[in-house]
Amino acid sequence: MTKTYTQTKVTKDTQAPSYTWEEINRHTSSSSCWIVINGEVYDVTNFLSSHPGGDSIVLDYAGKEDCANAFFHDVHEHSESAVSLLNDYFIGFVEGHKGAGKTETKKELVDFKKAVLPQILKMGPEYQDWVHTTATMRMRIFEWDFFEKLSFHPWWYIFLMWIPTISYMVYLSLDLGNSPQFTLCLFLLGMFAWTLIEYLIHRFIFHMPSSTPVGNFFHFFLHGAHHLTPMDSSRLTFPPTFAPPVGLLLYTLVSIVFPKFLSMGLFAGGAFMYMLYDWMHFLFHHGDLGSQGYLGWMKRRHMSHHFKNGFRNFGVTSPLWDIVFGTNGPEWFVTDVDPLASK
């Protein structure tokens, strides 16, 4: 039996409700946060923890005057992707606003009430623009329930899988006669190596261009689904269905390149950094990190990558290789054109 996912949502192409300023002024806290932009009311309560700059700057405008100038100019210019995401939180108009009651027609490329994979297989070049237009609803990927269930997983499984694996690799390194100090050096070297691997995979594989049904299929499963629905916590970490075979493949490659007395410690360090990568990535999207400290800064960089410029800030655990290869971008950098394409 095929299931569909639906979401209660007010759209601008319906007779949306109107709210008085007196009612809007009552929603000024983290438990209920409404903002007004150009006479349109948005309930952004569920987005506060995901806001790149933290929740305080949003709460400053909650339930108060129209904050269109702040949204588009004063604070910084938000991208088209951010505007598209904001539309998912629309709940109505300010009473008396001239837009109240208006309707607008927008053609959607994909019907989220149906499985999206069959629809993606019919798309061509338009896929890339669509997949980078952020949505907040939970989408159904597969028509078959069995495969659909396999696509969901708890984020914390990474610790259950990788901590025993990492511990065993360290044990094997010591058992081969390596000293604790030498094993530690190998471990740290593996951690460092992962930061480069992470950068290269994210930049050149996860963001590979695609315009054919086959290319779109692979891109969607590698990374496109995450860019489309970054708020879906049940599909954020690497699926446990594929993690063991991929981990075994990487271990085999490391074992081929390096002798055994080196490969154990190196793989342990790389696996530890990968586990840290998955954990940090989850926190960036679903943790209440604020905007301060290293994690807060890296979160702002990653949110900028999602909502402002997908050609910058590829590093998740470290900004090092973005700096080295010239893809480091500040949070306010906005462009829809790859600035590196001509280099």
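Above this note sits the structure.
Reading guide: rules and limits
- Residues numbered from 1 in each chain as written.
- Predicted model: local features only at pLDDT ≥ 70, side-chain atom pairs only at ≥ 80, totals over all residues.
- Heavy atoms only, no water.
- Helix = DSSP H or I, 4+ residues; strand = E, 2+ residues; numbered from the N terminus.
- Buried < 20%, exposed > 50% of the residue type's maximum accessible area, 1.4 Å probe, protein only.
- Areas by Shrake-Rupley, 256 points an atom, 1.4 Å probe, with all protein chains shown as cover.
- Patch = residues over 30% accessible without salt bridge, like charges linked within 9 Å, V, L, I, M, F, W, Y side chains within 5 Å.
- Salt bridge = Lys/Arg side-chain N within 4 Å of Asp/Glu carboxyl O.
- Pairing = 2+ DSSP bridges.
- 1 Å grid on protein atoms, 1.4 Å probe; cavity = no way out; pocket = protein on both sides within 12 Å on 5 of 7 lines; lining within 4 Å.
- Points joined across faces, edges and corners; volume = space filled by probe spheres on them.
- Nonpolar A, V, L, I, M, F, W, Y, C, P; charged D, E, K, R; others polar.
- Core = buried A, V, L, I, M, F, W, Y, C linked by side-chain atoms within 4.5 Å.
- Contact = heavy atoms within 4.5 Å.

Undergrad: Explanation requested: the overall build of the protein in the structure shown.
TA: Assigned secondary structure in the protein consists of 14 helices and five strands. With 343 residues in all, the protein has 47% of them scored as buried. Element-wise, carbon and sulfur atoms account for 63% of the exposed surface of the protein, whose accessible area totals about 17,800 Å².

Undergrad: Please clarify how a nonpolar patch on the surface should be interpreted in this entry.
TA: Taken together, the side chains of Phe 238, Phe 242, Val 246, Leu 249, Leu 250, Leu 253, Ile 256, Val 257 and Phe 258 present a nonpolar region at the surface, about 850 Å² in accessible area. Looking at the secondary structure, you find Leu 253 in helix H11 (residues 243-257). Given a relative accessible area of 45%, Leu 253 falls into the partly exposed group.

Undergrad: How do you make sense of the sheet that holds strand S2 (residues 28-29) when you look at a structure like this?
TA: Within a sheet, each strand pairs with its neighbour through backbone hydrogen bonds, oriented either parallel or antiparallel. Here five strands make up an open sheet; going across it, the order is S1-S5-S4-S3-S2 and the pairing mixed. Two strands in the sheet have a free side with no partner beyond their single neighbour: strand S1 (18-19) and S2. Pairing of strand S3 (residues 32-37) with strand S4 (residues 40-43) involves four bridges; the strand directions are antiparallel. Within S4, the position partnered with Val 36 by the bridge is Val 41.

Undergrad: Help me understand the pairing of strand S5 (residues 90-94), please; the structure alone is not making it clear to me.
TA: Every other side chain in a regular strand lies on the same face of the sheet, so the side chains alternate between the two faces. Of all five residues that make up S5, five are buried, and the element is covered over most of its length. Across two bridges, the pairing between S1 and S5 is parallel. By the bridge assignment, Ser 18 is partnered in S5 with Phe 93. Relative to S5, S4 runs antiparallel, the two being bridged by three bridges. Its bridge partner lying in S5, Tyr 42 is registered against Phe 90.

Undergrad: Explanation requested: the layout of surface pockets in the structure shown.
TA: A water-sized probe rolled over the atoms picks out the places where empty space is left. Looking at the largest pocket, its volume works out to about 1,600 Å³. Around the largest pocket, the lining comprises 49 residues; the ones closest to its centre are Ile 201, Phe 206, Phe 238, Val 246 and Tyr 274. For the lining of the largest pocket, the secondary structure elements donating two or more residues are helix H7 (145-150), helix H9 (180-206), helix H10 (213-228), H11 and helix H12 (260-286). Tallying contributions element by element places H9 first for the lining of the largest pocket, with nine residues. Grouping the amino acids of the lining of the largest pocket by side-chain chemistry returns 34 nonpolar, eleven polar and four charged.

Undergrad: I tried to follow the nonpolar core on my own but got confused; where do I start?
TA: Side chains of a nonpolar character, in soluble globular proteins, are inclined to be buried together. Among the nonpolar cores identified, the biggest contains 46 residues, and Ile 35, Ile 37, Tyr 42, Val 44 and Trp 162 are the most heavily contacted of them. With ten residues, the top contributor of residues to this core is H12. Excluding its chain neighbours within four sequence positions, the residues that come into contact with Trp 162 are Gly 247, Phe 267, Ala 271, Tyr 274 and Met 275.

Undergrad: What is the right way to look at the pattern of salt bridges in this model?
TA: Proximity of charged atoms lets side chains of opposite charge pair with each other. Applying the stated criterion across every chain yields a total of four salt bridges. One salt bridge connects Arg 235 with Glu 148, and the closest N-O pair in it is separated by 2.7 Å. Note that Arg 235 is positioned in the loop between H10 and H11 and Glu 148 in helix H7, a separation of 87 residues in sequence. Taken individually, Arg 235 and Glu 148 each receive the classification buried, so the pair is uniform in this respect.

Undergrad: Please explain the environment of Trp 21 as it appears in this structure.
TA: Position of Trp 21 relative to the elements: it lies in helix H1 (residues 21-24). With a relative accessible area of 34%, Trp 21 lands in the partly exposed category. Put simply, Trp 21 and Glu 65 are 44 residues apart on the chain and 8.8 Å apart in space, counted from C-alpha to C-alpha. In this view, Trp 21 contacts Val 36, Lys 64, Glu 65, Asp 66 and Val 94; residues no more than four positions away in its chain are not counted.

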